[in-house]
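Summary of the model geometry
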Amino acid sequence: MILFKNPVHSALGLLLTFFAMAGIYVLLEAPVVAVFQVAVYAGAIMVLFLFVVMFLNLHDEYGFEATELKRIAWVVLGAGLGLAAALWCLSLQPTVFGETLPQDQAQRLGEALLGRHMMAFELISFLLLGAAVGAVALNRKRSN
Amino acid sequence: MPALPAIVKPLILMNLLLLVPLVLVYLERKVIARMQDRIGPNRVGPLGMLQTVADALKLFFKEDFQPKTPYKMVYWLAPALAVVPLFVAAAAIPFGTLWHMGSFEIKPYIADLNVGVLFIFAITSIEVYGVTLAGWSGASKYSLLGGLRTSAQMISYEIALGLSVVGVIILSGSLRMLDIVAAQEHLWYVVLQPIGFVVYSIAAIAETNRLPFDLPEAETELVAGFNTEYSSMKFGLFPMGEYVNMFLVSCLATVFFLGGWHPLFGLTMIPGVLWFMLKVSFFIFMYYWLRATLPRYRYDQLIRFGWLVLFPLALFNVLWTAVMVNIPWS
């Protein structure tokens with residue numbers, strides 16, 4: 001994400017990072033968090049980021065060309081990572097995703113949110129509502 | 001060999017999904033031709049059945065013209081992003097219940113996730129990027145406007161789409177696709193959730209960019225919109241994604257509202273997978289019917305309808321279902 005000069009490419013890099021994080025959550029046996037990560041961050045928030053970056057339309061960064069050396073470095077890095085990942089995958093026992101996981105994670109999350117952390121949950125939703133209303137109010141053109 | 005089904009089943013599903021657009025396009029052209037008192041494709045192959053195959057081959061062999069764009073990587077990535085999430089999401093759809101073939105047990109689904117509903121909505125929300133980036137990376141104002149417009153439409157209707165299913169989740173008490181279907185053994189949710197079903201159907205049509213909401217393909221104003229700068233099979237991936245998405249959305253409607261693989265009128269001798277496909281075809285036929293019947297919406301009407309009619313309706317449905325479930329006598 002920080003390696004690209006073009007802001008849209010950086011945004012896409014961030015998107016990829018979100019996916020990688022979702023993958024880590026799955027490996028940590030927390031599929032609910034992983035799915036929320038993809039749905040909320042990758043699916044909703046990043047689209048808005050992308051919109052903003054596109055609307056800013058930063059012209060100065062156009063026409064950036066990768067040099068030959070950089071390309072070779074990318075290929076070597078990618079191939080190395082791919083090889084490492086492949087070797088690591090081969091060393092794993094084949095398991096089918098979803099079979100060994102606790103089945104009531106979503107239920108427990110819901111119970112925690114609307115039970116023990118009810119107050120915080122509701123307060124945060126009010127905070128977000130306030131932020132949304134504030135953003136609209138600030139952007140409104142004053143008509144005299 | 002426990003790993004064998006894990007390899008074979010995705011291969012089968014993927015190839016089926018690749019064939020789905022060919023079949024759907026042919027059927028669409030035939031059905032709409034009938035509705036408009038025409039004959040439709042009838043030259044290539046028997047009854048014109050190979051017409052779409054010929055069209056697809058033509059797309060492959062067309063010259064792949066690329067615009068002068070500074071965003072080569074994104075330009076290549078966008079068509080893939082429009083298709084790949086749909087194939088991934090299809091993995092979580094249960095096409096039927098357990099099949100017993102001698103001593104074998106065949107599960108007609110790939111992944112039985114306990115958060116299946118969330119998984120599908122999360123993965124399909126990625127699809128917006130394909131359209132947005134395709135519009136942007138073409139470095140043309142027509143495609144950029146088309147792309148922005150399409151993403152605004154898809155994001156707006158995704159909310160109504162997601163909310164319309166919440167009622168189903170409340171009733172079944174599970175996010176697992178198999179549980180949702182199992183809960184409809186005696187009564188389909190289309191009976192208990194009529195508002196949810198209607199909102200889902202309308203939002204699904206907008207989500208797949210089909211008539212009467214096919215604003216993304218505004219030939220008259222935007223020279224076709226987000227896919228203007230694409231040609232050959234890179235262009236072909238967008239309509240392909242659209243048809244796979246249609247199929248996917250119909251599968252989801254079947255799972256959420258039409259009882260999945262459960263038979264109608266106690267006709268249990270027809271296998272569940274076949275029932276599932278019958279319901280899916282019914283939903284897809286509705287798509288064709290609407291396309292042949294209704295004119296296109298205007299863009300402001302579309303967005304207003306999404307936010308001021310569908311969204312409140314879906315919210316009301318959630319509230320109503322939650323209240324009804326908690327009343328002791330029901």
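All of these numbers come straight from a predicted model, not from anything done at the bench.

Moving on, we come to the overall build of chain B. When helices and strands are tallied, chain B shows 13 helices and 2 strands. Since a compact globule built from 330 residues should have a radius of gyration of about 20 Å, the 20 Å found for chain B is in line with a globular shape. Considering only C-alpha atoms, chain B reaches an extent of 65 × 50 × 45 Å along its principal axes. Of the contacts formed within chain B by residues at least 6 apart in sequence, a portion of 78% connects residues at least 24 apart. For chain B, the accessible surface area stands at approximately 15500 Å², while carbon and sulfur atoms represent 72% of it. Positive and negative side-chain charges of chain B, numbering 21 and 19 respectively, have mean locations separated by a distance of 6 Å.

Once that is clear, we can look at unusual backbone geometry. Residues and elements named next belong to chain B. At Leu-47, a position not held by glycine, the phi torsion is positive, near 60 degrees. Of note, Leu-47 is situated in the loop between helix H1 (3-35) and helix H2 (51-61). Phi is positive for Asn-209, which is not a glycine, with a value near 60 degrees. Structurally, Asn-209 can be placed in the loop between helix H9 (194-207) and helix H10 (219-222).

Turning our attention to the interface of chain B and chain A. Interface size is often expressed as the accessible area that is lost when the parts come together. Taken together, the contact between chain B and chain A spans 24 residues of the former and 29 residues of the latter. For the pair chain B and chain A, the interface holds 0 salt bridges. Applying the counting rule to chain B against chain A returns 2 residue pairs in polar contact (both at pLDDT 80 or more). At the level of elements, helix H3 (72-90), helix H4 (116-124), helix H5 (127-137) and helix H6 (141-172) of chain B are the ones that each hand at least two residues to the side of chain B that touches chain A. Tallying contributions element by element places H5 of chain B first for the side of chain B that touches chain A, with 5 residues. The residue inventory of the side of chain B that touches chain A, partitioned by class, reads 18 nonpolar, 4 polar and 2 charged.

Let us look at the packing of H1 of chain B against helix H11 (residues 232-256) of chain B. The description of two packed helices rests on the angle between their axes and on the distance between the axes. Residue and element names in this part refer to chain B. With their axes 9 Å apart at the nearest point, H1 and H11 run at an angle of 90 degrees to one another. The orientation of H1 with respect to H11, classified from their angle, is roughly perpendicular. On the side of H1, the interface is formed by Leu-17, Leu-18, Val-20, Pro-21, Leu-24, Val-25 and Glu-28, while H11 contributes Met-240, Tyr-243, Val-244 and Phe-247. Here the residues of the contact of H1 with H11 sort into 10 nonpolar, no polar and 1 charged.

Looking now at the nonpolar core. One broad trend across soluble globular proteins is that nonpolar side chains are buried collectively. By size, the foremost hydrophobic cluster in this structure holds 110 residues, and its most contacted members are Tyr-129, Leu-133, Tyr-200, Phe-247 and Phe-256 of chain B. In terms of residue count, the dominant contributor to this core is H11 of chain B (14 residues). Ignoring sequence-local partners within four residues, the contact set of Leu-133 of chain B consists of Val-8, Leu-12, Leu-50 and Met-54 of chain A together with Val-74, Ala-78 and Leu-81 of chain B.

Residues and elements named next belong to chain B. Scanning the entire structure with this criterion turns up 15 aromatic pairs over all chains. A ring pair is formed by Phe-316 and Trp-320, whose centres lie 6.2 Å apart and whose planes are at 20 degrees; its orientation type is stacked. Of this pair, Phe-316 and Trp-320 both sit in helix H13 (residues 299-326), separated by 4 residues, roughly a single helical turn. The exposure class of Phe-316 is partly exposed, given its relative accessible area of 44%. Note on Trp-320: relative accessible area 45%, which makes it partly exposed. The positively charged end of Arg-149 is found above the aromatic ring belonging to Tyr-299, 4.9 Å away from the centroid. The cationic tip of Lys-234 hangs over the ring face of Trp-76; the distance from NZ or CZ to the ring centre is 3.8 Å.

Residue and element names in this part refer to chain B. This model, assessed by the stated rule, comprises 6 salt bridges over all chains. Notably, a salt bridge pairs Arg-176 with Asp-179, separated by 3.0 Å at the nearest N-O pair. Judged by its relative accessible area of 30%, Asp-179 is partly exposed. Here Arg-210 and Glu-242 are joined by a salt bridge, their closest N and O atoms 3.4 Å apart. In this pair, Arg-210 is assigned in the loop between H9 and H10 and Glu-242 in helix H11, connecting sequence segments 32 residues apart. Judged by its relative accessible area of 16%, Glu-242 falls in the buried class. Connected via shared salt-bridge partners are Glu-28, Arg-210, Glu-242 and Arg-291.

Let us now look at the packing of H11 of chain B against helix H12 (residues 272-293) of chain B. All names here are of chain B. Relative to each other, H11 and H12 sit at 120 degrees, their axes nearing to 9 Å. The orientation of H11 relative to H12 falls into the category oblique. Remark: the crossing between H11 and H12 carries right-handed chirality. In this structure, H11 uses Met-246, Phe-247, Val-249, Ser-250, Cys-251, Ala-253, Thr-254 and Val-255 to contact H12, whose residues at the interface are Phe-276, Met-277, Lys-279, Val-280, Phe-283, Ile-284, Tyr-287 and Tyr-288. Tallied by class, the residues present in the contact of H11 with H12 amount to 13 nonpolar, 2 polar and 1 charged.

The next point concerns the environment of Leu-258 of chain B. Residue and element names in this part refer to chain B. Topologically, Leu-258 is positioned in the loop between H11 and H12. Through-space distance from the C-alpha of Leu-258 to that of Val-280 is 9.1 Å; in sequence the pair is 22 residues apart. Look past the residues within four positions of Leu-258 in its chain and what remains in contact with it is Gln-184, Trp-188, Val-190, Phe-197, Ala-253, Lys-279 and Phe-282.

Time to look at the environment of Phe-95 of chain B. All names here are of chain B. For Phe-95, the location among the structural elements is in the loop between H3 and strand E1 (99-101). Using a relative accessible area of 10% as the deciding quantity, one classes Phe-95 as buried. Here the alpha-carbon distance between Phe-95 and Val-273, two residues 178 residues apart in the chain, equals 5.7 Å. Once residues within four sequence positions are removed from consideration, Phe-95 is found in contact with Leu-13, Ala-90, Pro-108, Tyr-109, Phe-247, Cys-251, Trp-261, Gly-272, Val-273, Phe-276 and Met-277.

Rules and cut-offs
- Residues numbered from 1 in each chain as written.
- Chains lettered and ligands numbered in written order.
- Predicted model: local features only at pLDDT ≥ 70, side-chain atom pairs only at ≥ 80, totals over all residues.
- Heavy atoms only, no water.
- Helix = DSSP H or I, 4+ residues; strand = E, 2+ residues; numbered from the N terminus.
- Rg over C-alpha atoms; globule rule 2.2 N^0.38 Å.
- Contact = heavy atoms within 4.5 Å.
- Areas by Shrake-Rupley, 256 points an atom, 1.4 Å probe, with all protein chains shown as cover.
- Lys, Arg positive; Asp, Glu negative; His and termini not counted.
- Charge placed at Lys NZ, Arg CZ, Asp CG, Glu CD.
- Salt bridge = Lys/Arg side-chain N within 4 Å of Asp/Glu carboxyl O.
- Polar contact = N/O pair within 3.5 Å; in protein donor to acceptor, adjacent residues only side chain to side chain.
- Nonpolar A, V, L, I, M, F, W, Y, C, P; charged D, E, K, R; others polar.
- Axes fitted to C-alpha atoms, helices over the stretch in contact; angles between N-to-C directions.
- Parallel < 35°, antiparallel > 145°, perpendicular 65-115°, else oblique.
- Core = buried A, V, L, I, M, F, W, Y, C linked by side-chain atoms within 4.5 Å.
- Buried < 20%, exposed > 50% of the residue type's maximum accessible area, 1.4 Å probe, protein only.
- Phe/Tyr/Trp six-rings, centres within 6.5 Å; stacked < 30°, edge-to-face > 60°.
- Lys NZ or Arg CZ within 6 Å of the ring centre and 35° of its normal.
- Left-handed = near helix turned anticlockwise from the far one by under 90°.

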